[in-house]
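Examining the three-dimensional arrangement
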Amino acid sequence: QVQLVESGGGLVQPGGSLRLSCAASGSFFSIYAMGWYRQAPGKQRELVATITISGRTNYADSVNGRFTISRDNAKNTVYLQMNSLKPEDTAVYYCNADYILSPISPTSFAWGLGTQVTVSS
């Protein structure tokens, strides 16, 4: 099982920056992808960015060019650097991990509890 703990959320003014972190712990063979999703009040959870173990990244159009996802495989930690934040970026941000427990196990999925990001003046 994988446990994910997010940190780094908070209140920031429009145009500001925040850095989110998500650390994975537990017993697993490999985490081959990690990512960030967000959910604003009254809206569905949506993908923000993902990164594979090899470093391949994918971004939502709404954050491309403003957000940067990175990963420290040795620490099983993923980061999300958020710049030029807008009020519409306000949401609960959730960390996700796709992992396997053994080389022959099917893929499992883990979610963190989320961290609130509020962009407001």
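Structure: see above.
Residues numbered from 1 in each chain as written. Predicted model: local features only at pLDDT ≥ 70, side-chain atom pairs only at ≥ 80, totals over all residues. Heavy atoms only, no water.

1. What to know about the pairing of strand β9 (residues 91-100)
Taken across its ten residues, β9 has nine buried, putting it largely inside the fold. In terms of strand pairing, β9 meets strand β11 (residues 115-119) through three bridges, oriented antiparallel. What sits directly across from V92, in β11, is Q116. Strand direction decides the pairing type here: β9 and strand β10 (residues 108-111), joined by four bridges, are antiparallel. Along β10, the bridge assignment pairs N96 with W111. (Buried < 20%, exposed > 50% of the residue type's maximum accessible area, 1.4 Å probe, protein only. Helix = DSSP H or I, 4+ residues; strand = E, 2+ residues; numbered from the N terminus. Pairing = 2+ DSSP bridges.)

2. Comments concerning the sheet that holds strand β1 (residues 2-7)
Reading across from one edge, β1-β3-β8-β7 is the order of the four strands in this open sheet, with antiparallel pairing throughout. In the strand order of this sheet, the two ends are held by β1 and β7 (67-72), each with one partner. Ignoring which end each strand starts from, the neighbouring axes of this sheet average 15 degrees apart. (Axes fitted to C-alpha atoms, helices over the stretch in contact; angles between N-to-C directions.)

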